[in-house]
Amino acid sequence: MQLSLMAPRSEAELMARAEALAGRVLRDVAAVVSMPVPADLRHHKGWVGHLVERALGASAASRDEPDFVGLDVELKTLPVDERGHALESTFVCTVPLREIGEVDWAESRVRRKLARVLWIPIEGMRHKPLGDRRVGAPLLWSPTREQEEALRFDWEELAGVIGRGDIESLTGHLGRHLQVRPKAAHGGVRARSIDAEGGMLETLPRGFYLRAQFTEAILRQAFGG
DNA sequence: GATTGATCATAC
DNA sequence: GTATGATCAATC
C-alpha cells in the first residue's frame, strides 16, 4: 500500500488515496501509519476517524480548519453493518447557541461543513474485532438541491427554537434529517445560550447531527442497493 | 432493535 | 474550556 503523509493537492489525488484504502482491514491501515489498534472503541471513540485522517494525509485534528487544507473537503467516516446500513448518526458541528438566531442558513456552519464531504464507510459491527473491520468504497459528495432544501428546512426549525430561547425544550426528536443533541465531555459541561427574554442561560453544549437514515440514503443513491 | 442523551480521548 | 474525532449505553 502506498501512502504519503503529505497533504493531497487535488480532489482526484484524495480520491485515489481513498480508493486505495477500500477493501483493506483497519489492522493493515493502522500498521502503515504506525497506530496501535485498541481492543475496542469504548475508550477510543475517535480512533477510526483519526486513523483515516492520517492515512489520507489530512491536516492534524482538533483545529478549526478544513480537514484538507486548500481542498475544502470534510472527511467523515461512517460506521455501517454488513448490508451497508448506517449504524450511527454523524456529528456535523457544534451549535453556536448564542448567535444562531441571527444567522441565515446560507452562512451557517452546517451548510459550510456539508458543502463537500468525503464519506468513508467502514464496518462498525460491535461483534467484529476492530482490526478485522474493512474499509468501504469512498464517496465524494455534495448535497443535491433536494437534500440541501431538506437540510435547510430542519436547520431553520432547530435554529428557530434555540433563537427563541427554548433550548431546554429541544430534544433529539425534532428534525427529520438533522437533529440537535448534547455534545460534551460529560454532563457537567456548561455553555452559554439565551433564554426567552434574551438573557443569559447556561446549558449543556449541543451539536448538529445527521440522522443515520439520511447518510444511508446518500450512500444508497451513489452505490445503489 | 432503533434512538436519544451521555460520554470518551486528544490537541491546544 | 474549546476544538477535533466520534461511539456508547440507557431507554423508548
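A brief report on the enclosed structure follows. All of these numbers come straight from a predicted model, not from anything done at the bench.

The rules behind each value
- Within each chain, residue numbers correspond to sequence positions counted from 1 in written order.
- Chains and ligands are labelled by the order in which they are written, letters from A for the one and numbers from 1 for the other.
- Per-residue local features of the predicted model are confined to residues with pLDDT of at least 70, and side-chain atom pairs are confined, for both listing and counting, to 80 or more; whole-chain, interface and lining totals are unaffected and use all residues.
- In computing side-chain properties, one takes all heavy atoms of the structure into account and sets aside hydrogens as well as water.
- In DSSP terms, a helix is any run of H or I states spanning at least four residues, a strand is any run of E spanning at least two, and both are numbered starting from the N terminus.
- Between the two quantities, the radius of gyration covers C-alpha atoms and the globule rule is 2.2 Å times the number of residues to the power 0.38.
- Working definition: with a 1.4 Å probe on protein chains only, accessible area under 20% of the residue-type maximum means buried, over 50% means exposed, and in between means partly exposed.
- Here, residues are in contact when the closest pair of their heavy atoms is within 4.5 Å.
- Here the positive residues are Lys and Arg and the negative ones are Asp and Glu; neither His nor the chain ends is included.
- One atom stands in for each charge, and that atom is NZ of Lys, CZ of Arg, CG of Asp or CD of Glu.
- It suffices for a single heavy atom of a residue to lie within 4 Å of a molecule or strand for the residue to be listed as near it.
- What qualifies as a polar contact is a pair of N or O atoms within 3.5 Å, subject to a donor-acceptor requirement within protein and to the restriction that residues adjacent in sequence count only when both atoms come from side chains.
- Only centres within 6.5 Å qualify two rings of Phe, Tyr or Trp (six-membered ring in Trp) as a pair; their planes then separate them into stacked at under 30 degrees, edge-to-face at over 60, and tilted for everything else.
- Lysine NZ or arginine CZ positioned within 6 Å of the ring centre and within 35 degrees of the ring normal marks a charge as sitting over the ring.
- By this definition, two strands are paired if DSSP reports at least two bridges between them.

**Some thoughts on the overall build of chain A**
- Within chain A one finds six helices and eight strands.
- Mapped in sequence order, the helices and strands of chain A form the string α-α-α-β-β-α-β-β-α-β-β-β-β-α.
- For chain A, whose C-alpha radius of gyration is 18 Å, the value lies close to the compact-globule estimate of 17 Å for 225 residues.
- Dimensions of chain A along its principal axes, counting C-alpha atoms only, are 60 × 40 × 35 Å.
- Out of the 225 residues in chain A, the part that is buried amounts to 43%.
- In chain A, 64% of the contacts between residues at least 6 apart in sequence involve partners at least 24 apart.
- Computed over 31 positive and 32 negative side-chain charges, the inter-centroid distance for chain A is 5 Å.

**With respect to the protein's contact with DNA strand B**
- Inspection of the region around DNA strand B gives 18 residues, with His43, Lys45, Gly172, Arg181 and Ala184 positioned closest.
- In DNA strand B, the atoms that sit within 4 Å of the protein are 57% sugar and phosphate, with bases accounting for the remainder.
- Here a phosphate oxygen of DNA strand B and a side-chain polar atom of His43 are 3.2 Å apart.
- Contact between DNA strand B and Gly187: a phosphate oxygen at 2.9 Å from a main-chain N or O atom of the residue.

**Observations regarding the packing of aromatic side chains**
- One pass over the full model with this rule turns up four aromatic pairs.
- An aromatic cluster of at least three residues, connected via ring pairs, comprises Trp119, Trp141 and Phe214.
- The ring of Tyr209 carries the charged tip of Arg181 above its face, separated from the ring centre by 4.1 Å.
- Above the face of the Phe91 ring, Lys183 is positioned so that its terminal group lies 4.4 Å from the ring centre.

**Details of the pairing of strand 8 (residues 206-210)**
- Counting buried positions along strand 8 yields five of five residues, so the element is predominantly enclosed.
- Where strand 2 (residues 90-94) and strand 8 come together, four bridges link them in antiparallel fashion. Within strand 8, the residue paired with Cys93 across the bridge is Phe208.
- As judged from the five bridges shared by strand 5 (residues 178-182) and strand 8, these two strands associate in the antiparallel manner. By the bridge assignment for strand 8, Gln179 is matched with Tyr209.

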